[in-house]
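Observations on the three-dimensional arrangement
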Amino acid sequence: MAIALLGFQTTIAAPLSVTGIGVHSGREVTITLQPAEAGTGIVFSRQHDDGSTSEYRAVSAHVGNTDLCTVLGTSATRSIATIEHVMAALYALGLDNLIVEVDGAEMPIMDGSSEVFIDAIEQVGITNLGVKRRYIRVTKPVRIEAGASWAEFHPYDGTRFEVEIDFDSKLIGRQKWQGDLTAQTFKTELSRARTFGFMRDVERLWAAGFALGSSLENSVVISDDDTVINVEGLRYEDEFVRHKTLDAVGDLALAGAQFIGCYRSYRGGHKLNANALKALLSDASAYEVVEAPSRSLQARAREFVPVQALEFAPWTA
């Protein structure tokens, strides 16, 4: 049975703030989520020490570096990093419009997952704005490859992720998560999956100025003998692939709209996710922009009807 999709745009019911440290900078940072009107989209606003601000719509056209995390902006001094866990929470809960104010260079890592952001949003609630939401519906397969890695979009009557990883590690090995994405599925199966890394990479990252805020409180750390160092162990038996799926949800949220289709990847990461999304959006024959056929609160994906794409291109700057 096809999953019903929300037909209207939303925002949060009240402002909320979250404070933590940046996983790469190691500095304390506070983000404040502000409600926004229909049609605003997700906008990140970085407040600088000199009183100026840098603003970026959370869309593919504004994605910069994707080596270790997803970054908005290309300027080292004005960009906003590590947005994927926040974006995954916003996407999964169906939030279309809000301002994310941040007083630092990156989002707080919290416990390395999206759980804190989900909990904070659910505490203030979500407001239906009464304006129709438009979706990007995949109409034909789009595939990219990068060495042994690949990613592809396929038409599907809903929103689905099929993510597979393959690490040269006995602890991780080959893992796969697949399922239709709903708010409930994300909360129970993906939101608590933490970022992870290997001890052997720590010194190299520190020397390069990265992972300065990484710790056992916000990362699953794998020792040189291929065991989990964290005393509490794993939250899911396959937490590694679940976190990679969480990342993919956050990265694809940069389409600037919810999508109807299936996303599959093998040995992917932020760069592959970003390039796959760009490949889809650069092929006008691979998708159509659709909305609910009536003013009902929800409708099945197959019931959504095409609208003029020229009127709606949130993935552009």
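Notes on the structure in this doc start here. Everything numeric in this text was worked out from a predicted model, so none of it was measured.

1. Structural notes on the side chain of Asp238
The topology assignment puts Asp238 in the loop between strand S15 (220-222) and helix H5 (239-252). Residues within four places of Asp238 in sequence aside, it is in contact with Gln175 and Lys176.

2. Comments concerning the packing of H5 against helix H6 (residues 270-281)
Taken N-terminus to C-terminus, the directions of H5 and H6 make an angle of 35°; their axes are 9 Å apart at the nearest point. Here H5 and H6 pass one another in a crossing that is right-handed. Between H5 and H6, the residues in contact are Asp247, Ala248, Asp251 and Leu252 and His270, Asn273 and Leu277, respectively. Split by residue class, the contact of H5 with H6 holds 3 nonpolar, 2 polar and 2 charged.

3. Structural notes on the packing of aromatic side chains
For any pair of aromatic rings, the description consists of the separation of the ring centres together with the inter-plane angle of the planes. Per the counting criterion, the structure on display carries 10 aromatic pairs. Pairing Phe161 with Tyr263 gives two aromatic rings, centres 6.2 Å apart and planes at 70°, and the pair type is edge-to-face. Remark: Tyr263 occurs in strand S16 (residues 259-266) and Phe161 occurs in strand S12 (residues 159-166); sequence separation between them is 102 residues. Accessibility expressed as a relative area gives 0% for Phe161, which makes it buried. An angle of 35° between the planes, with centres 6.3 Å apart, marks the rings of Phe167 and Phe198 as tilted. You can see Phe167 sitting in the loop between S12 and strand S13 (174-180) and its partner Phe198 sitting in strand S14 (residues 196-198), a full 31 residues away along the chain. On the accessibility criterion, Phe167 (25% relative accessible area) is partly exposed. The exposure class of Phe198 is buried, given its relative accessible area of 9%. Site record: aromatic cluster; members linked through ring pairs are Tyr91, Phe153, Phe161, Phe259 and Tyr263.

4. Thoughts on the packing of helix H1 (residues 84-92) against helix H2 (residues 115-124)
Their axes nearest at 9 Å, the elements H1 and H2 cross at an angle of 45°. Viewed along their axes, H1 and H2 adopt a mutual orientation that is oblique. Note that H1 runs across H2; the crossing there is right-handed. Residues His85, Val86, Ala89 and Leu90 of H1 touch H2, and the partners they reach there are Phe117, Ile118 and Ile121. Of the residues in the contact of H1 with H2, the class split is 6 nonpolar, 1 polar and no charged.

Thresholds applied
- Residues numbered from 1 in each chain as written.
- Predicted model: local features only at pLDDT ≥ 70, side-chain atom pairs only at ≥ 80, totals over all residues.
- Heavy atoms only, no water.
- Helix = DSSP H or I, 4+ residues; strand = E, 2+ residues; numbered from the N terminus.
- Contact = heavy atoms within 4.5 Å.
- Axes fitted to C-alpha atoms, helices over the stretch in contact; angles between N-to-C directions.
- Left-handed = near helix turned anticlockwise from the far one by under 90°.
- Nonpolar A, V, L, I, M, F, W, Y, C, P; charged D, E, K, R; others polar.
- Phe/Tyr/Trp six-rings, centres within 6.5 Å; stacked < 30°, edge-to-face > 60°.
- Buried < 20%, exposed > 50% of the residue type's maximum accessible area, 1.4 Å probe, protein only.
- Parallel < 35°, antiparallel > 145°, perpendicular 65-115°, else oblique.

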